[in-house]
Amino acid sequence: VNTRKYPVGIPPPSEKDWPKEEEDFFLLDPDRKRDVLPQPFRMINKLVMQVFESAMEIIERREMLREAQKLKVQPKKCFPTAEFQVTERANCLAVSGKYIFVGLSVGLAAFNTCDTKDVCAWDAAKTEICAIHASDLGDECHVLLAVDEMGLAWLFCFQKNSFLLIKVLNEVEDISQRSPCVEVVLSQGGDYAGILLQGNTKAWLEIYQLPKDSWLTEMEKNTEAAEELACSERRSSCSSAGGTFLLQELPVSAIQADVELDPPVLLLTVRPPKPITGTSFKGPLDALKEVDDGSMLGLGYNHLIKDSQWELQEAIFCSTYQEYLEAEGVFKEEIPRYATFHFLLPSRILMGPEMEVQPDIPVGIGVHWDGNHNFCLYLLNHSLKDKEGSDLKPDVVWPCAAPIACSAVSSCSRYLALAGEDATITIWDKHLGYPMSVTAILEERFIRSIHFL
């Protein structure tokens, strides 16, 4: 029997038993396994990883935008409920009461909003209508003010499914003397109308009062006469038919063709304001004589330069070097000025304590001209004597720090917004006559239009 003195044990490993190819395996970084690839594969692997990372960034960015879009209020999509079929190209439209008036390439057309059908059309002049304004006068009578492609302002009255031409406001016998209309405004209710006329070197504003009461009376009489004529025609047709009832009605347009309505009355002619002069004195001597303490130095002829001296010097220079100035193109024609105007309802600043006015009828107009700092208010109750002999002066002037770029009046006609060329918006309370707020927009911004919501 072979016996051992010591117990059997596991011998310790020796360095000879270690695999030499995995000698440094536990010290290697797993990410560095790619480095063992040959060079072309490592470059391809790097490019693939860059493309993958870029794709993940794009996906994350789109997911963020999609989540932000879900948080926004989505606008409601509106689809048309009815269509109006027109025979010509539609340039403009206006809504008044239950009618829609459309300016076409040849004349006008009226549509009923209830059944979307064509009511009537006017194409007597074969002219293209570019702008149109309409107002409801009551008793299914509407007044329209339209501008055609030649700048003519057409005034219409619409009743009983027919157009009645009242007058062309700027029509003259000599076509060369015609001034085209560039802007028209019709007051709410149809009491007043304003047109802006522009000549070669000047522009002016004409305000008309529309005799709508006489129009309504005349149209009512015409309607009654038309009904009586229709009844007589029915009776004659019944008697001629031998007991059979035959209904025949004359066209309303034919019945109203002989109606003549009163033309509008020219109230105001507003021209661009002249440059403000410092004094009304004819010379320095007259000014010095009006000094309160009676002291003055010299007569003011040799040591003060008057405006007339500058004008005389400029005239001499232009006459001497006229051919050179014309060759250089220094002489420039005066560019017609553009105006924006609004009809204003009664307020404290436009009416006196003894004036009797109606709350829904305009009592004045507000006008501002391009490049001018002042917003001018004119009353509509000027007499003819006040307008003759001199240019009409504004009743109230609101100065602004910068030239006025655009303006807007609220629906209640109490608040007035003036936007200057320095990108500032001022809200005025026309009833009290003081500014409510002044807002400055970002620099280097030009405000083109402003509206009340």
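Residues numbered from 1 in each chain as written. Predicted model: local features only at pLDDT ≥ 70, side-chain atom pairs only at ≥ 80, totals over all residues. Heavy atoms only, no water.

S.K.: Let's hear about the nonpolar core: which residues, and what values?
M.R.: Generally speaking, nonpolar side chains in soluble globular proteins are found buried as a group. If you look at the biggest cluster of nonpolar residues, it comprises 25 residues, and the most contacted ones within it are Leu 155, Ile 195, Trp 215 and Leu 261. Those elements that provide at least two residues to this core are strand E6 (141–148), strand E7 (153–159), strand E8 (163–168), strand E9 (181–186), strand E10 (192–198), strand E11 (203–209) and helix H2 (212–240). Of the residues forming this core, the biggest block, 4 residues, is contributed by E6. In this view, Leu 261 contacts Cys 157, Leu 164, Ile 166, Trp 215, Glu 218 and Met 219; residues no more than four positions away in its chain are not counted. In terms of nonpolar packing, the next biggest core, distinct from the first, is built from 19 residues, Tyr 192, Leu 267, Ala 339 and Phe 343 among them. (Core = buried A, V, L, I, M, F, W, Y, C linked by side-chain atoms within 4.5 Å. Buried < 20%, exposed > 50% of the residue type's maximum accessible area, 1.4 Å probe, protein only. Helix = DSSP H or I, 4+ residues; strand = E, 2+ residues; numbered from the N terminus. Contact = heavy atoms within 4.5 Å.)

S.K.: Before we move on, could you go through the sheet that holds strand E15 (residues 374–379) and cite the residues and values that matter?
M.R.: Strand order in the open sheet formed by 4 strands is E13-E14-E15-E16, and the pairing between neighbours is antiparallel. Of all the strands in the sheet, the pair left with one neighbour each is strand E13 (339–344) and strand E16 (396–399). Direction aside, neighbouring strands of the sheet carry axes that sit 20° apart on average. In terms of strand pairing, strand E14 (residues 364–369) meets E15 through 4 bridges, oriented antiparallel. Bridge pairing in E15 links Gly 366 to Leu 377. (Pairing = 2+ DSSP bridges. Axes fitted to C-alpha atoms, helices over the stretch in contact; angles between N-to-C directions.)

S.K.: Give a description of a negative patch on the surface that names residues and reports values.
M.R.: A cluster of acidic side chains, namely Asp 139, Glu 220, Glu 224 and Glu 228, defines a negative patch on the protein surface. Note on placement: Glu 228 falls in helix H2. Residue class for Glu 228 comes out exposed when judged on its relative accessible area of 58%. (Patch = residues over 30% accessible without salt bridge, like charges linked within 9 Å, V, L, I, M, F, W, Y side chains within 5 Å. Areas by Shrake-Rupley, 256 points an atom, 1.4 Å probe, with all protein chains shown as cover. Salt bridge = Lys/Arg side-chain N within 4 Å of Asp/Glu carboxyl O. Lys, Arg positive; Asp, Glu negative; His and termini not counted. Charge placed at Lys NZ, Arg CZ, Asp CG, Glu CD.)

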